[in-house]
Amino acid sequence: MKNRVCGDIEKLVLKAVEQTSEAILITDAAGTIIYANQAMEEVSGYSAGELVGKRPSVLKNAGSHGPDFYRELWATVKSGRKWHGRLLNRRKDGTLYALDTDITPVKDPGGEITHFISVRRDITRELQLEKQLIESQKLESLGLLAGQIAHDFNNMLTIILGSVELVLEDTKEGTISHKLLAETLKTARQTAELTKQLLVFARRQETRPKKSCANDLIKDAELILKRLMANNIDLRMELQRDLWDAELEATQFRQVIMNLTINARDAMPDGGAMRLATSNVAVGEDSPWPIPPGEYVLVELKDTGTGIPQEILDKVFDPFFTTKPKGKGTGLGLSIVYGIVKQHKGEVLVDSAPGKGTTFRLFFPRAK
Ligand SMILES: Nc1ncnc2c1ncn2[C@@H]1O[C@H](COP(=O)(O)OP(=O)(O)O)[C@@H](O)[C@H]1O
Ligand SMILES: [Mg+2]
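Reference entry: report on the structure contained in this document. A quick note: this is a predicted structure, and the numbers were derived from the prediction, not measured.

Observations concerning unusual backbone geometry
Now for step 1: The phi torsion at Arg 203 lies on the positive side, around 60 degrees, for a residue other than glycine.
Now for step 2: In this structure, Arg 203 sits in the loop between α6 (176-201) and β6 (210-212).
Now for step 3: Notably, Lys 345 is not glycine yet its phi reads approximately 60 degrees, a positive angle.
Now for step 4: You can see Lys 345 is positioned in the loop between α10 (333-343) and β11 (347-352).

Put into structure tokens, the structure is as follows:
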């Protein structure tokens with residue numbers, strides 16, 4: 001009787017190990033994998049058959065941990081202690097994932113280590129959400145600062161512009177004074193334009209969104225988009241039929257698409273392709289996008305351009321951040337995109353790597 005109960009419990013424990021959402025890997029004392037559970041197969045993309053008999057290094061570390069990291073890990077577990085830390089691995093398909101990992105040595109009655117049990121929790125999405133949060137907090141405070149300055153500037157510029165216009169009218173044409181005043185007026189107007197753009201980033205502009213279909217707004221802008229594109233760039237549209245409505249302000253939405261299109265063009269000096277696509281997406285807790293769950297209209301702009309290096313990816317939405325030569329870039333295009341999308345209660349994500357092109361994804365909440 002006692003034996004049967006034990007046998008049942010063992011079976012249940014095995015089932016629990018097999019079915020838990022934590023990825024479990026067991027190796028022998030030499031580090032050769034002897035068991036991988038279902039979650040391990042799912043998170044890594046390798047089947048248990050592909051893992052058993054191999055070393056854990058088959059899970060391809062992402063190259064972000066140096067040799068010291070692994071030496072320390074091994075030294076800890078070989079001395080009989082538990083190791084806890086964060087591992088960055090690559091899935092079979094090459095994509096990165098982050099794991100919160102415990103490695104526990106198992107000892108026989110004589111105190112010899114016989115196995116190592118590693119329990120890993122996939123925290124990729126948590127890390128993405130965390131990063132996204134930090135990024136949006138940064139842009140939030142930049143927006144507050146820029147908004148306050150732009151607001152004050154705007155008031156002062158109104159006085160400057162008004163006065164200069166009046167004085168200019170009273171000044172004789174052809175004189176040096178007239179020329180200088182005209183130049184002053186031009187500069188003041190440019191400054192006013194810049195301030196206006198900062199106000200868009202800071203979301204200080206009023207918007208009057210209307211329930212609309214993004215497809216219609218895109219089709220209205222198609223001619224302008226085509227004109228913006230050089231001849232050697234192939235512009236493709238894939239607009240989903242029966243696209244949900246979203247609360248959109250037409251001019252602002254168009255500005256977003258135009259800014260992104262201009263950037264895509266600039267990133268493809270030798271030509272390429274840009275794809276503009278729309279679709280309905282329901283984002284759940286387990287979605288690949290680090291944004292709040294909900295139903296969204298997704299607008300995707302994908303180019304085959306230069307791509308953006310990792311180290312500047314976090315900065316592209318900052319106002320005045322540009323990699324373009326003076327006179328060409330203002331560094332405001334993406335800040336404006338960000339401000340407008342946020343004002344629409346939406347989200348914007350960028351996905352890019354050098355040589356792999358760039359994809360911007362805009363998520364607008366589905367209209368009720
Ligand atoms: N589609 C893209 N491909 C490659 N790099 C891009 C793309 N879009 C934006 N960037 C990078 O982001 C920077 C900021 O873009 P933006 O805010 O529009 O300012 P600007 O275009 O004036 O430089 C660009 O200078 C460029 O380095
Ligand atoms: Mg730009």
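Let's pick the thread back up.
Focus on the pairing of strand β3 (residues 83-90)
Now for step 1: Burial along β3 is one-sided: the residues Trp 83, Gly 85, Leu 87 and Asn 89 are buried and none of His 84, Arg 86, Leu 88 and Arg 90 is.
Now for step 2: Pairing between β3 and strand β4 (residues 96-107): eight bridges, direction antiparallel. Along β4, the bridge assignment pairs Arg 90 with Leu 96.
Now for step 3: Where β3 folds back on β4, the antiparallel hairpin that results is connected by five residues, among which Gly 94 adopts a positive phi of roughly 95 degrees.

Overview of the packing of aromatic side chains
Now for step 1: Applying the stated criterion to the full structure yields eight aromatic pairs.
Now for step 2: Each ring, one from Phe 69 and one from Tyr 70, has its centre 5.3 Å from the other, and the planes form 80 degrees; the classification is edge-to-face.
Now for step 3: Judged by its relative accessible area of 23%, Tyr 70 is partly exposed.
Now for step 4: For the pair Phe 253 and Phe 364, a centre-to-centre distance of 5.6 Å together with 55 degrees between the ring planes defines the contact as tilted. Placement of Phe 253 in helix α8 (residues 250-266) and of Phe 364 in strand β12 (residues 358-365) is noted, with a sequence separation of 111 residues between them.

As for a negative patch on the surface
Now for step 1: Taken together, the side chains of Asp 216, Asp 220, Asp 245 and Glu 247 make up a negatively charged region of the molecular surface.
Now for step 2: Relative to the helices and strands, Asp 216 resides in helix α7 (residues 214-228).
Now for step 3: In this structure Asp 216 comes out as partly exposed when scored by relative accessible area, which is 42%.

Remarks on the sheet that holds strand β7 (residues 233-239)
Now for step 1: In spatial order, the strands read β7-β9-β10-β12-β11; together these five strands make up an open sheet with mixed pairing. Bordering the open sheet on either side are β7 and β11, each of which pairs with just one other strand. Strand-to-strand twist in this sheet, taken as the mean axis angle between neighbours without regard to direction, amounts to 15 degrees.
Now for step 2: By the bridge criterion, 10 bridges tie strand β9 (residues 272-283) to strand β10 (residues 294-303) in an arrangement that is antiparallel. Bridge pairing links Ala 282 to Glu 295 in β10.
Now for step 3: Relative to the sheet, α7 contacts β7, β9 and β10, its axis offset from that of β7 by approximately 170 degrees.
Now for step 4: Strand contacts of α8: β7, β9, β10 and β12, with the helix running at about 30 degrees to β10, the strand carrying the most contacts.

Basis of the calculations
Residues numbered from 1 in each chain as written. Chains lettered and ligands numbered in written order. Predicted model: local features only at pLDDT ≥ 70, side-chain atom pairs only at ≥ 80, totals over all residues. Heavy atoms only, no water. Helix = DSSP H or I, 4+ residues; strand = E, 2+ residues; numbered from the N terminus. Buried < 20%, exposed > 50% of the residue type's maximum accessible area, 1.4 Å probe, protein only. Pairing = 2+ DSSP bridges. Phe/Tyr/Trp six-rings, centres within 6.5 Å; stacked < 30°, edge-to-face > 60°. Patch = residues over 30% accessible without salt bridge, like charges linked within 9 Å, V, L, I, M, F, W, Y side chains within 5 Å. Areas by Shrake-Rupley, 256 points an atom, 1.4 Å probe, with all protein chains shown as cover. Salt bridge = Lys/Arg side-chain N within 4 Å of Asp/Glu carboxyl O. Lys, Arg positive; Asp, Glu negative; His and termini not counted. Charge placed at Lys NZ, Arg CZ, Asp CG, Glu CD. Axes fitted to C-alpha atoms, helices over the stretch in contact; angles between N-to-C directions. Contact = heavy atoms within 4.5 Å.

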